[in-house]
Amino acid sequence: MSCYHSAILNAPVETVWTTISNFHDMNWAPEVITSLEVKGDVAGDEVGAVRLLNGLFLETLREVDEPNYSFTYSIDDGPDVIAKEVVANYLGTVVLTPVTIGDQTLIEWSSVYDSDDENAVAEFCNPIYVALLTAMQQHFA
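Since we're looking at a predicted model, the values are computed, not measured.

Quick notes on the sheet that holds strand S1 (residues 2–9)
Here is step 1 of the chain: Across the sheet, which stays open at both edges, the 7 strands sit in the order S1-S7-S6-S5-S4-S3-S2 with antiparallel pairing between neighbours. Bordering the open sheet on either side are S1 and strand S2 (36–39), each of which pairs with just one other strand. Across the sheet, the mean angle separating the axes of adjacent strands is 25° when strand polarity is ignored.
Here is step 2 of the chain: The sheet contacts of helix H2 (residues 118–139) involve S1, strand S4 (57–65), strand S5 (70–77), strand S6 (87–99) and strand S7 (104–115), and relative to S1 the element is tilted by about 10°.

Written out as structure tokens, the structure reads:
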């Protein structure tokens, strides 16, 4: 089961990467992420970094591929249909690709997960991804 969303950002890939690659900084999405609490002492650009978003979403940075402008994180617990009791193996991936004409960036945000109710997870997560990508577009407008 999966979710997928993408957008074009009006900034070069290096600029977008600098903005999004710190797992502990989502200041670019103030309307979506109202609080971000760092858990533990692992830096935001290192595998193993843990954050709590909006007091509900516990996430861990699982992989960083800086040369290819991508990272993968897990949602270890969350509200409702993505709580650890009902969803397993939730992995989100963000990939940035340079768009050379216009010096823009394609951002792709996707997730895979195991759940008995894939529609409920998708209905819950898709609006969040859309809101995050919209916030990123506004940040670089």
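Observations regarding the packing of aromatic side chains
Here is step 1 of the chain: Taken as a whole and assessed by the stated rule, the structure comprises 8 aromatic pairs.
Here is step 2 of the chain: With a centroid separation of 5.9 Å and an interplanar angle of 40°, the aromatic rings of Trp-109 and Tyr-129 are classed as tilted. Separated by 20 residues along the polypeptide, Trp-109 in strand S7 and Tyr-129 in helix H2 bring together distant segments of the chain. Neither residue differs from the other here; Trp-109 and Tyr-129 are each classed as buried.
Here is step 3 of the chain: Ring pairs connect the aromatic residues Trp-17, Phe-23, Tyr-69, Phe-71 and Tyr-73, which therefore count as one cluster.
Here is step 4 of the chain: One Lys or Arg, Arg-51, reaches over the ring of Phe-23 and ends 3.6 Å from the middle of that ring.
Here is step 5 of the chain: Over the ring of Tyr-73 we find Arg-51; its NZ or CZ atom is 5.9 Å from the centre of that ring.

Some remarks on the side chain of Ser-70
Here is step 1 of the chain: Considering the arrangement of structural elements, one finds Ser-70 in strand S5.
Here is step 2 of the chain: Under the relative-accessibility criterion, Ser-70 is labelled buried at 13%.
Here is step 3 of the chain: Excluding residues within four positions of it along the chain, Ser-70 makes contact with Trp-17, Glu-63, Val-64, Asp-65, Val-94 and Val-95.

The rules behind each value
Residues numbered from 1 in each chain as written. Predicted model: local features only at pLDDT ≥ 70, side-chain atom pairs only at ≥ 80, totals over all residues. Heavy atoms only, no water. Pairing = 2+ DSSP bridges. Helix = DSSP H or I, 4+ residues; strand = E, 2+ residues; numbered from the N terminus. Axes fitted to C-alpha atoms, helices over the stretch in contact; angles between N-to-C directions. Contact = heavy atoms within 4.5 Å. Phe/Tyr/Trp six-rings, centres within 6.5 Å; stacked < 30°, edge-to-face > 60°. Buried < 20%, exposed > 50% of the residue type's maximum accessible area, 1.4 Å probe, protein only. Lys NZ or Arg CZ within 6 Å of the ring centre and 35° of its normal.

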